[in-house]
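Read off the chains here:
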Amino acid sequence: MHSIRIVGAGSIGNHLAHAARRRGWKVVLTDIDDAALQRSRSDIYPARYGAWDSEIELKDARAAAGDPADVVFIGTPPDSHVPLALETLEKMSPQVLLIEKPLGCPDLAGCEMLAKQAEDKNVFCAVGYNHCLGANTVKAEQVLASGQIGQLQTITAHTREHWRGIFNAHPWLSGPSDSYLGFSSRGGGACGEHSHAINIWQHFAHAAGAGRVSDVSATLDLITRDGADYDQAAYMTLRTTEGLVGDVVQDVVTSPHEKSARLQGDRGFLEWHVNHTASSDMIEFGDGSSPAEQVVLEKTRPDDFIAEIDHLAEIMAGRITSSPISLERGLETMMVISAAFRSHALGRRVTIDWDRGYCPEAIN
Ligand SMILES: NC(=O)c1ccc[n+]([C@@H]2O[C@H](COP(=O)([O-])OP(=O)(O)OC[C@H]3O[C@@H](n4cnc5c(N)ncnc54)[C@H](O)[C@@H]3O)[C@@H](O)[C@H]2O)c1
């Protein structure tokens, strides 16, 4: 039986606790806030999954830091991800260290050090961009690899979703300024919170052999209101080292949501949708000469996280050595987030020099 220590008993911490329990793992759920632990037991977990699971151990995060576990999962606000990940690697060597997205803050503080520490300690680190593990993504990769859409010409990716859903899930928050969400510098705002779109763009670019993002041009809609300071919308154009050009839009104002990617090849197209309906993801592809083929993949919200837990089990079993949710991929997304802020501030396109590491000096 595997064990997981979860740092942060909030929305995502409960999702991972439930998914791990569904796979029979031993779960220790920790937080620095006792109210969060109590809320998990009496409110979040029973409301989502029917009843509290008394096999889950609740513990103060400070007392638990360093406790052994096969997997440590950091599910706290983004500005604490890198410091907590470094502290974990200093105290112990789990088989897998999974860190939520976005990996950190646009200033990239600690990112290079984390990459080095993970390598030195030989700990498999991952970042929670779990859309990369979805059945719709796997199916889309198969279509891409089959050559059905021909040579990839461009990718567009959107994560556009009003953030009222997040606030509805956190009724104890009074608004954006009450959490990291209302501060781009702390990993909130559209660039950080909805960075799934950047990540899936990069994922499909890698799948097509188009390399890493080398150029970023961004226009952000920045909001300073009621004590909050965040980007409510981010419009980015990206170019990769191999010359693939495309765009990403992320915002926290669109309703109904749009979570999609479109890959255009020289012979056809492929569309990828998340939450196509309340209970399904979907892909659609075709060449325009006949009706497009649609593949609907039924899933529930808990399935997203069960797939993530299964992926970690495969990593621990040694059956997966190259993961789409690797730390390296999470760092690549972090670099694009940081580059977007730099591009907007400078009013021009910026480049990423990957030889210089995961640091602000690499973005010019
Ligand atoms: N991959 C996904 O689909 C997904 C979904 C939701 C949230 N997230 C990400 O998960 C992260 C957390 O979001 P959330 O909605 O669960 O937040 P949340 O506010 O519901 O929970 C965060 C918890 O972390 C605790 N915490 C803060 N600092 C801590 C520390 N140093 N040690 C231990 N606990 C600490 C807080 O007390 C809080 O209970 C964010 O980065 C968010 O983007 C990802």
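Residues numbered from 1 in each chain as written. Predicted model: local features only at pLDDT ≥ 70, side-chain atom pairs only at ≥ 80, totals over all residues.

*Asks:* Got a sec to walk through the overall build of the protein chain? Specific residues and values, please.
*Replies:* Tallying secondary structure elements over the protein chain gives eleven helices and 15 strands in all. Here the protein chain has a C-alpha radius of gyration of 20 Å; the compact-globule value for 364 residues is 21 Å, and the two agree. Each principal axis of the C-alpha distribution contributes one length, and for the protein chain these read about 55 × 45 × 40 Å. The buried share among the 364 residues of the protein chain stands at 46%. Nonlocal contacts in the protein chain, meaning residues at least 24 apart in sequence, comprise 70% of its contacts between residues at least 6 apart. (Helix = DSSP H or I, 4+ residues; strand = E, 2+ residues; numbered from the N terminus. Rg over C-alpha atoms; globule rule 2.2 N^0.38 Å. Buried ≥ 20, exposed ≤ 12 C-beta atoms within 10 Å, placed from the backbone. Contact = placed C-beta atoms within 7 Å.)

*Asks:* Give me the site of the ligand: which residues, what numbers.
*Replies:* Every one of the 24 residues lining the ligand counts as a neighbour, but G8, G10, S11, A36 and A61 are closest to it. Top element by residues in the shell around the ligand is helix α1 (residues 11–22). It accounts for three residues. A class-by-class count of the residues in the shell around the ligand yields nine nonpolar, ten polar and five charged. (Near = placed C-beta within 6 Å. Nonpolar A, V, L, I, M, F, W, Y, C, P; charged D, E, K, R; others polar.)

*Asks:* Would you mind going over the sheet that holds strand β2 (residues 26–31) in detail, with residue names and values included?
*Replies:* On the basis of which strands lie adjacent, the open sheet formed by six strands has the order β3-β2-β1-β4-β5-β6 and parallel pairing. Where the open sheet ends on each side, the last strands, each with one partner, are β3 (57–60) and β6 (124–127). Direction aside, neighbouring strands of the sheet carry axes that sit 20° apart on average. Inspection of the sheet shows strand β4 (residues 71–74) paired to strand β5 (residues 96–99) by four bridges, in the parallel sense. Of the residues in β5, the one forming a bridge with I74 is I99. Where helix α10 (residues 301–316) meets the sheet, its contacts fall on β4, β5 and β6, and the angle it forms with β5 comes to roughly 150°. (Pairing = 2+ DSSP bridges. Axes fitted to C-alpha atoms, helices over the stretch in contact; angles between N-to-C directions.)

*Asks:* If you had to explain the sheet that holds strand β7 (residues 152–160) to someone new, which residues and values would you point to?
*Replies:* Pairing is mixed across the open sheet formed by nine strands, whose spatial order is β14-β13-β12-β11-β7-β10-β9-β8-β15. In this open sheet, the two strands that pair with only one neighbour each are β14 (293–298) and β15 (350–351). Note that strand β12 (residues 269–277) and strand β13 (residues 280–286) share six bridges and pair antiparallel. Bridge pairing links L270 to F285 in β13. Sheet strands in contact with helix α6 (residues 135–146) are β11 (258–265), β12, β13 and β14, and its direction is about 15° off that of β13. Together, β8 (213–225), β9 (228–240) and β15 form the strand contacts of helix α11 (residues 327–346), whose direction differs from that of β8 by roughly 70°.

*Asks:* Report on the domain arrangement of the protein chain, specifying residues and quantitative values.
*Replies:* Looking at the protein chain, the domain boundaries give domain 1 (3–100) and domain 2 (131–299 + 327–362). Just the C-alpha atoms count here: the centres of domain 1 and domain 2 sit 27 Å apart. Residue-level contacts link four residues of domain 1 with seven residues of domain 2. Here the side of domain 1 that touches domain 2 is built from residues that sort into two nonpolar, one polar and one charged. (Domains from an automatic or database assignment.)

*Asks:* Give me the lowdown on the pairing of β12, citing residues and values where you can.
*Replies:* Looking along a regular strand, one sees side chains alternate from face to face of the sheet. In terms of strand pairing, β11 meets β12 through five bridges, oriented antiparallel. Bridge pairing links R262 to E271 in β12. Counting the residues in the hairpin turn of β11 and β12 gives three residues. Between β12 and β13, which pair antiparallel one after the other, the connecting turn spans two residues.

*Asks:* So what's going on with unusual backbone geometry? Residues and values would help.
*Replies:* P102 follows K101 through a cis peptide bond whose omega is -15°. Here S255 and P256 are connected by a cis peptide whose omega angle stands at -5°. Along the polypeptide, P256 turns up in the loop between β10 (245–251) and β11. In the Ramachandran plot, D226 falls in the positive-phi region, its phi being about 50° despite a non-glycine side chain. With respect to the secondary-structure elements, D226 resides in the loop between β8 and β9. With 12 C-beta atoms packed within 10 Å, D226 lands in the exposed category.

*Asks:* Report on the environment of A19, specifying residues and quantitative values.
*Replies:* Following the sequence through the fold, A19 ends up in helix α1. For A19, a count of 22 C-beta atoms within 10 Å gives the class buried. It is 6.6 Å that separates the C-alpha atoms of A19 and I309, two residues lying 290 residues apart in sequence. Setting aside its immediate chain neighbours within four residues, A19 contacts P302, F305, I306, E308 and I309.

*Asks:* How would you sum up the environment of H170? Please name residues and give values.
*Replies:* Here H170 lies in the loop between α7 (164–169) and α8 (189–193). Put simply, H170 and R48 are 122 residues apart on the chain and 13 Å apart in space, counted from C-alpha to C-alpha.

*Asks:* How would you summarise the nonpolar core if you had to cite specific residues and measurements?
*Replies:* One finds F73, W201, V216 and A340 to be the most contacted residues of the largest nonpolar core, which totals 92 residues. Top element by residues in this core is α11. It accounts for nine residues. There are two domains that each give this core at least three residues, and those are domain 1 (3–100) and domain 2 (131–299 + 327–362). For F73, the residues in contact, after removing those within four places along its chain, are I4, I6, V7, L16 and L98. (Core = buried A, V, L, I, M, F, W, Y, C linked by C-beta atoms within 7 Å.)

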